[in-house]
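Coordinate inspection notes
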Amino acid sequence: KKTREDGSRVFTTRVPRDAKGKLIEPKRGAVKCLLHADGPNRAEYDALGFAVCGKPNLTSPFQLRRHMQVRHKVEWSTIEEERQRKEKEEERAFQRSIVKMASASK
């Protein structure tokens, strides 16, 4: 029932068209949510008890990150904590290997 100043309706159930009569299609991407059923880490996420998300059409990695931050806050923070933990672990292992090589060369 909401109308503009010119009397036209703001919301409609008709398919939107531009001034030339061409259909206006929303942009659709091919990036899937990290929690999608077809995701590469789905088995790991199932073990953690994460829900399955059906979002298969995000337009960019930025949109994927925003989707995760807004729609899956707890899951996103858990995934990020795990990624940071693995990164620190790899860095420590690398530093240990450097120290071992330095001590072996003496």
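Data block above holds the structure.
To keep things clear, this report deals only with the structure shown in the data block. (Residues numbered from 1 in each chain as written. Predicted model: local features only at pLDDT ≥ 70, side-chain atom pairs only at ≥ 80, totals over all residues. Heavy atoms only, no water.)

**What about helix α2 (residues 61-71)?**
Taken as a whole, α2 has its buried residues at L64, H67 and M68. Along the axis of α2, the buried positions cluster into a sector of 95°, meaning they face one direction only. In this structure, the buried residues of α2 make contact with α3 (73-104). (Buried < 20%, exposed > 50% of the residue type's maximum accessible area, 1.4 Å probe, protein only. Helix = DSSP H or I, 4+ residues; strand = E, 2+ residues; numbered from the N terminus. Arc of directions from axis to C-beta. Contact = heavy atoms within 4.5 Å.)

**With respect to the pattern of salt bridges**
Two side chains of opposite charge can pair, provided their charged atoms sit close to one another. This model, assessed by the stated rule, comprises 6 salt bridges. The closest approach of N and O atoms between E82 and R85, which form a salt bridge, is 2.4 Å. Here E82 and its partner R85 are both found in helix α3, 3 residues apart, which amounts to about one turn of the helix. The exposure class assigned to E82 is partly exposed, which follows from its relative accessible area of 27%. Judged by relative accessible area, which is 40%, R85 ranks as partly exposed. One continuous salt-bridge network, built from bridges that share partners, spans E80, R83 and E87. (Salt bridge = Lys/Arg side-chain N within 4 Å of Asp/Glu carboxyl O.)

**With respect to the environment of R4**
Its place among the elements puts R4 in the segment before α1 (42-48). Owing to a relative accessible area of 44%, R4 belongs among the partly exposed residues under this scheme. Once residues lying within four places of it in the same chain are set aside, the contact partners of R4 are R9 and V10. At a separation of 2.9 Å, a polar atom in the side chain of R4 contacts the main-chain carbonyl oxygen of R9. (Polar contact = N/O pair within 3.5 Å; in protein donor to acceptor, adjacent residues only side chain to side chain.)

**Overview of the side chain of H67**
Checked against the element boundaries, H67 lands in helix α2. For H67, a relative accessible area of 11% corresponds to the buried category. Reaching out from H67, the side chain makes a polar contact with the side chain of H72 at a distance of 3.2 Å. If sequence neighbours within four positions are ignored, H67 has contacts with C33, C53, K55, L58 and H72.

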